[in-house]
Amino acid sequence: MTENDKFAVEVHGLTKVFGTGETRVEAIGGIDLTITEGEFVAVMGPSGSGKSTLLHLIGGLDEPTSGRIIVGGDDFSTLDDDALTMIRRRRIGFVFQAFNLITVLTAEENVALPLVLDGMDEIEAHKRATAALKRTGLTDRGSHVPAELSGGEQQRVALSRSLVNEPLLLLADEPTGNLDSATSDQIMSLLRRLVDDQDQTILMVTHNARHAAMADRIITLRDGRIVEQQSLKNGRSADQVLADLESAL
Amino acid sequence: MKLTTYSLREWRQRPGRALLTLTGIIIGVAAMVSISVTIEATRNSYRHMFETVTGRASLEVVAEGYGGFDPTIRESLHKLPGVQAAVSVVQTTSGLIGPSGAEPIMVLGIEPELDHPAREYKIRQGRFLGDRKGAVLSSTYAQRLKLKLGDSVRLLTPRGLTTLPIVGLLEPEGAANVHAGAIVFTHLSTAQEAFALHQQINAVQIVLDEKADLLSVQEQISRQLPPGLTVQAPAVRGKLAQEMLLGTELSLAVMSIVALVAGAFVILNSFLMSLGERVKHLAILRALGTKRSQLKGILLKEAALLGSLGTILGIALGYALSFALHRIMEEMLAFPVPKPRLDAKSTLLAAFLGPGIALAASLVPAWRSSHRPVLDGLLDNREIREPVYKRWPGYIGLALLVVGLTFIALLVTEAIQVDVASQLLPGCMALLIVSITLTIPLCIPFLSKIAALILRPCLGAEGRMAVRWLSRRPTRTGLTVAVLTVTLIVAVGFGNATQNSVRDIREWAAKISYVDYYIRGYMPGPGMAVTAALPESMGDEIAEIEHVEFVTKINFIAARAEGEPVMVIAKSFGTRSGQPIDLVEGDEAEVIEAVKRGDVVLGTRLSQRKNLKIGDHVTLETRNGPKDVRIAGLATEYTAGGFVVYLEWNRAQEFFGKQGVHVFGVVLENGAPASAAARLQTLCDEGKCRLESRAEFRRIVDEAMSGVVGTLWGLIALGFVIASFGIVNTLTMNVLEQTREIGILRAIAMKRRQISRMIFSQAMVVGVVSLIPGILGGIVFAYLLNVSTYPMTGLRLELRFEALLIVGSMVMVLGLSAAAAMFPARRASRLQVITALQYE
Ligand SMILES: Nc1ncnc2c1ncn2[C@@H]1O[C@H](COP(=O)(O)OP(=O)(O)OP(=O)(O)O)[C@@H](O)[C@H]1O
Ligand SMILES: [Mg+2]
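Residues numbered from 1 in each chain as written. Chains lettered and ligands numbered in written order. Predicted model: local features only at pLDDT ≥ 70, side-chain atom pairs only at ≥ 80, totals over all residues. Heavy atoms only, no water.

Each helix and strand counted, chain B has 24 helices and 20 strands in total. The principal-axis extent of the C-alpha atoms belonging to chain B is close to 95 × 65 × 50 Å. A total of 840 residues make up chain B; the buried ones form 57% of that total. Sequence-distant contacts, at least 24 apart, represent 82% of the contacts inside chain B between residues at least 6 apart. Side-chain charges in chain B split into 85 positive and 71 negative, and the spacing between the mean points of these groups amounts to 16 Å. (Helix = DSSP H or I, 4+ residues; strand = E, 2+ residues; numbered from the N terminus. Buried < 20%, exposed > 50% of the residue type's maximum accessible area, 1.4 Å probe, protein only. Contact = heavy atoms within 4.5 Å. Lys, Arg positive; Asp, Glu negative; His and termini not counted. Charge placed at Lys NZ, Arg CZ, Asp CG, Glu CD.)

Contacts to ligand 1 come from 14 residues, most closely from Ser 47, Gly 48, Lys 51, Ser 52 and Thr 53 of chain A. Chains contributing residues to the immediate surroundings of ligand 1 are chains A and B. A distance of 2.7 Å is found between an oxygen atom of ligand 1 and a side-chain nitrogen or oxygen belonging to Lys 51 of chain A. One of the side-chain nitrogen or oxygen atoms of Ser 52 of chain A is found 2.7 Å away from an oxygen atom of ligand 1. The fraction of the free accessible surface of ligand 1 (630 Å²) that becomes covered by protein chains is 66%. Secondary structure elements with two or more residues in the shell around ligand 1: strand S2 (25-36) and helix H1 (51-58) of chain A. (Near = heavy atom within 4 Å. Polar contact = N/O pair within 3.5 Å; in protein donor to acceptor, adjacent residues only side chain to side chain. Areas by Shrake-Rupley, 256 points an atom, 1.4 Å probe, with all protein chains shown as cover.)

With that settled, consider the sheet that holds strand S10 (residues 225-231) of chain A. Residue and element names in this part refer to chain A. The strand order S6-S7-S8-S3-S9-S10 describes an open sheet built from six strands, whose pairing is mixed. Bordering the open sheet on either side are strand S6 (92-95) and S10, each of which pairs with just one other strand. Averaged over all neighbouring strand pairs, the angle between strand axes comes to 15°, with direction disregarded. Pairing analysis gives six bridges linking strand S9 (residues 217-222) to S10, with the strands arranged antiparallel. (Pairing = 2+ DSSP bridges. Axes fitted to C-alpha atoms, helices over the stretch in contact; angles between N-to-C directions.)

Turning our attention to the interface of chain B and chain A. By a widely used convention, the size of an interface equals the accessible area lost when the partners come together. Taken together, the 27 residues of chain B in the interface contact 27 residues of chain A. Together, the buried faces of chain B and chain A total about 2500 Å²; carbon and sulfur atoms form 63% of this surface. On the chain B side of the contact with chain A, Met 1, Arg 9 and Leu 288 of chain B bury the most area, a combined 29% of that side's loss. The interface formed by chain B and chain A holds three salt bridges in total. Measuring nitrogen to oxygen at the nearest pair gives 3.4 Å for the salt bridge that ties Arg 292 of chain B to Asp 81 of chain A. Taken together, the elements giving at least two residues each to the side of chain B that touches chain A come down to helix H1 (3-13), helix H8 (279-287), helix H9 (292-333) and helix H11 (374-378) of chain B. Considering only residue class, the side of chain B that touches chain A consists of 11 nonpolar, seven polar and nine charged. (Buried area = accessible area lost by both parts, 1.4 Å probe. Salt bridge = Lys/Arg side-chain N within 4 Å of Asp/Glu carboxyl O. Nonpolar A, V, L, I, M, F, W, Y, C, P; charged D, E, K, R; others polar.)

Glancing now at the domain arrangement of chain B. Entries for chain B in the domain assignment read domain 1 (1-56 + 244-387), domain 2 (59-232), domain 3 (449-508 + 698-840) and domain 4 (522-688). Look at where the C-alpha atoms of domain 1 of chain B and domain 4 of chain B centre, and you get two points 50 Å apart. (Domains from an automatic or database assignment.)

On to helix H3 (residues 107-117) of chain A. Residues and elements named next belong to chain A. Counting buried residues in H3 gives 11 out of 11 residues, a clear majority hidden from the surface. Buried within H3 are the following residues: Ala 107, Glu 108, Glu 109, Asn 110, Val 111, Ala 112, Leu 113, Pro 114, Leu 115, Val 116 and Leu 117. Within two residues after H3, Gly 119 carries a phi angle of roughly 90°, on the positive side.

Of the residues in chain A, 91% reach a pLDDT of 70 or more, and the chain-wide mean stands at 89. Helix H8 (residues 238-248) of chain A is the least confidently modelled element of chain A, averaging 63 in pLDDT, while strand S8 (residues 201-205) of chain A averages 96, the highest of any element. (pLDDT = per-residue confidence, 0-100.)

Right, let's talk about the packing of helix H21 (residues 739-747) of chain B against helix H22 (residues 752-793) of chain B for a bit. Residues and elements named next belong to chain B. Where H21 meets H22, the closest approach of the two axes is 10 Å, and the angle between their N-to-C directions is 145°. The handedness of the crossing between H21 and H22 is right-handed. Side by side, H21 and H22 meet where Ile 742, Leu 745 and Arg 746 of the first sit next to Arg 752, Ile 755 and Met 758 of the second. Here the contact of H21 with H22 is composed, by residue class, of four nonpolar, no polar and two charged. (Left-handed = near helix turned anticlockwise from the far one by under 90°.)

Residue and element names in this part refer to chain A. With antiparallel pairing, the four strands of this open sheet are ordered in space as S2-S1-S4-S5. Single-partner strands in this sheet number two, and they are S2 and strand S5 (74-75). Bridging between strand S4 (residues 66-71) and S5 involves two bridges; their strand directions are antiparallel. Note that in S5 the partner of Val 71 across the bridge is Asp 74. In this fold H1 packs onto strand S1 (7-18), S2 and S4, with an angle of close to 120° to the strand it touches most, S1.

A few words on the state of the cysteines. Here is the idea: a disulfide is a covalent bond, and it sits between the sulfur atoms of two cysteines. All names here are of chain B. Enumeration over the complete set of coordinates arrives at zero disulfides over all chains. Take Cys 443: it sits in no disulfide, and the sulfur closest to it among the cysteines is that of Cys 428, at 20 Å. The partly exposed category is assigned to Cys 443, whose relative accessible area is 29%. Free cysteine: Cys 684, not disulfide-bonded; nearest cysteine sulfur from Cys 689 at 4.3 Å. (Disulfide = S-S within 2.5 Å.)

The packing of two helices is summarised by the inter-axis angle and the distance between the axes. All names here are of chain B. Close contact between helix H2 (residues 15-54) and helix H10 (residues 344-371) brings their axes to 10 Å; oriented N to C, the two are set at 160°. Here H10 runs roughly antiparallel to H2, going by the angle between their axes. When the axes of H2 and H10 are compared, the crossing they make is right-handed. Here H2 contributes Ile 25, Val 29, Met 32, Val 33, Ser 36, Val 37 and Glu 40 to the contact with H10, which in turn contributes Lys 345, Ser 346, Leu 349, Ala 350, Leu 353, Gly 354 and Ala 358. (Parallel < 35°, antiparallel > 145°, perpendicular 65-115°, else oblique.)

In structure tokens form, the structure reads like this:
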């Protein structure tokens, strides 16, 4: 890591506790993490290890119990709800396993939504939405509502929507969890290209080791803590990575 | 795409919900508009009538009691500075003999050559009043009665039947258009003769100079007048009638407020529900960077849009309804009330209130939606919980309840003035309703336990499941129960109070109708006793008929007592026992003896308003100046709203002049043969007036009361129908939310019948839960209304609980609950297992 590399995300001493007393669950038990701009980080770990929780916290969808989260230089703990919302709107893109599209809006309207919310004029928003859909390979489906699209197409719409604002950070929670393997692979290569071509920073949760191996770095969580980090940038093959992972889990 | 596009799409997705919200707004606004437009029309009708008749004259000089006076006063008035003209008239009510007996008509005797400063007459056919004999009337009225130029009109007058040839027909404009055209113009001298005024007139109408100041001219005239004459605005003649309408207006106003509040709760409920359905979409919006304020903005804009649309439709419906209400009012008053017209005040008020209430009702749901943690809505595996039910609205409700009840207590103990109280009463009712609605959710856990106990034997396992489902959505269930409860309370409370006063009116009518027959020109509207005057000599003719024991004369004279407009009921008292007055205080024989000597009996409403007791003196304005008379008794009186002074006949003539006789009461000897009645009938046929047996009189009162009761039932039914919308709303919402669970239940072998039974059980639980506080509250409300009757009217009504009303309301609630379950139950039982399982 050189001096010039800027951090997209800094996490210090992060914890998150749900419930109290008997129902108390420590979902995140003290995490420190930095992600540089243009880095593609995959998060793995068994079910219940706190992966989603970590993503929600970094995405500003939930409040940590303690610790600091800094995205693009903004310390979340100093921000009120409106400021945090503005970060979500302009600097962060989300892709969920369940797509989370608005069912009453067409694909293109879904993509345009973050721009419209930001007050952009209709024509410009429309132009950018069409362009974003094109980048994910959806050109002729813009006027369909989600119910008329396949799972893969819906996830491309969701991806287009998360990118339409050119966010600093893309958060993806099992983006391929609901898709078949061929479609999953397409989505993954889309993500990889984003990093390679546009220096997009991505933090992605996945259960699929092959997909994780397409990232620059893999973080493994267990019981809310980082138990392993490995960088893939030094040219190790995917097979090697897979073998390492299997021994780690 | 605009954000409104998103809102519109959501509505299109769930048109039922949007429609329900609209219905809530439409109902509230329509009720308010129709009632206030009708009230406005009725309120202005009397005033309008008298102002139209006087034309450009803005003051009139009349004798106290509206009797005749010497016309020479006109000369001196004419010369006063500021007075452009003073015209002498005879203005009186009479009966015009039409195809089906006498019809109410106004007669205006004028001096044609001097009258023009006051009125313009546009002749359509024939000529104006040139010579002495002859009548001119409006062409529309003539057309209605199929009268042509050259025909004659027959009028009931104190001289008997007066026949006048029709010499001209007028365009229906100005004064000719008053009272739906029911006015006859004739020469002053003709009117003087026909109405036995002997060269006297009964009003001088004053037209002012353009720049003259009304008040200072009035002041000046007042100083010129001898005692017994007074100068007033023409509208003052309508004041008593207006007073009388006050009670009706008050209950209508309360009704419209109830409708508005109920509408608001329907809106609140359906907003809560539709936002509940949209939790996921709203969470996505938040995740994508929608600020809280922005989200609130989107939702409030939706409310405002729906509110505005509902308001427009509601105003339209309101005007449509006001025509129906207008018919009812006309029927009730037996008086042509002007057709409801576009009324700026009511329309503007509705235009603000409609969207305002929609906005207010959506504030809480919008706040909730924008403050819900984003993740709650976003993740499928998290149960979307309603925020924990907060107790503070319940406590606020309790506090408001205390305030409302304190007000009632102050009213009952007469600690606040009646005038103030009646102004505040509708607001107080609204307050009570809101407070009950807020308090109900506090009691839901307790009430649903009771309901479960009651229903366990008949509903079984499905019933238990229903209670559990309902208690999972405390706010929704609470609001539904609250709306139903409030409807019950209003229905039982108002219903019972109305039935009680209807009973009292029937008893009063039975008591005062102690004579065997009434003879009058025509039946006036209930309450307003004004009718045509008949010749006094007719009394002697009746008395001469064999087997007639005794004839009593009754007159209704508009007068002033203690500065208030009152109706003087002048009566001649005979020797036979029988109670012509429904006394609430005082010994009957003694009181009647005292009245014969010149004392008076007051209607309770008047004595209450002026705080007058037996033995006190009341000041009557008479044609001879103010007179103090002793009060011998107090009586229940529904004529003129109870603003009544009973006077002995001769005393009344002394006070107010001879004015003919409005009603003859005829008592026959015991065991009088049918021939006596037949003779009476012949006499009436000749005189073209109306013979009415005691039974008929009571039947007329009964019919009027049945009309009131019928309207009441109609309104109550309407209220329940609105409330059952709420149940449909809640159940549909529950079914939607429980779709997946229903799928699971079906998958693990629950039959369709059982599923619909479960939904049906939910409806029944809501119904039963509302019954308990509804009926109890209704009984308390009936009691409160009963005890506040006395300070308002001076009447102590017997509080009787109407079993039929109470049981009927209970049956109505249970029946409507069951009916409300039908659609949601069918929807639930027809769900395909697979689609239900995949539903999100
Ligand atoms: N709202 C909540 N209330 C209570 N506990 C929670 C809540 N959300 C998450 N948890 C708990 O926190 C822990 C971490 O959950 P999280 O969803 O982050 O796991 P995950 O790693 O994403 O698992 P998976 O791979 O199954 O998605 C779990 O034990 C979970 O039960
Ligand atoms: Mg997860």
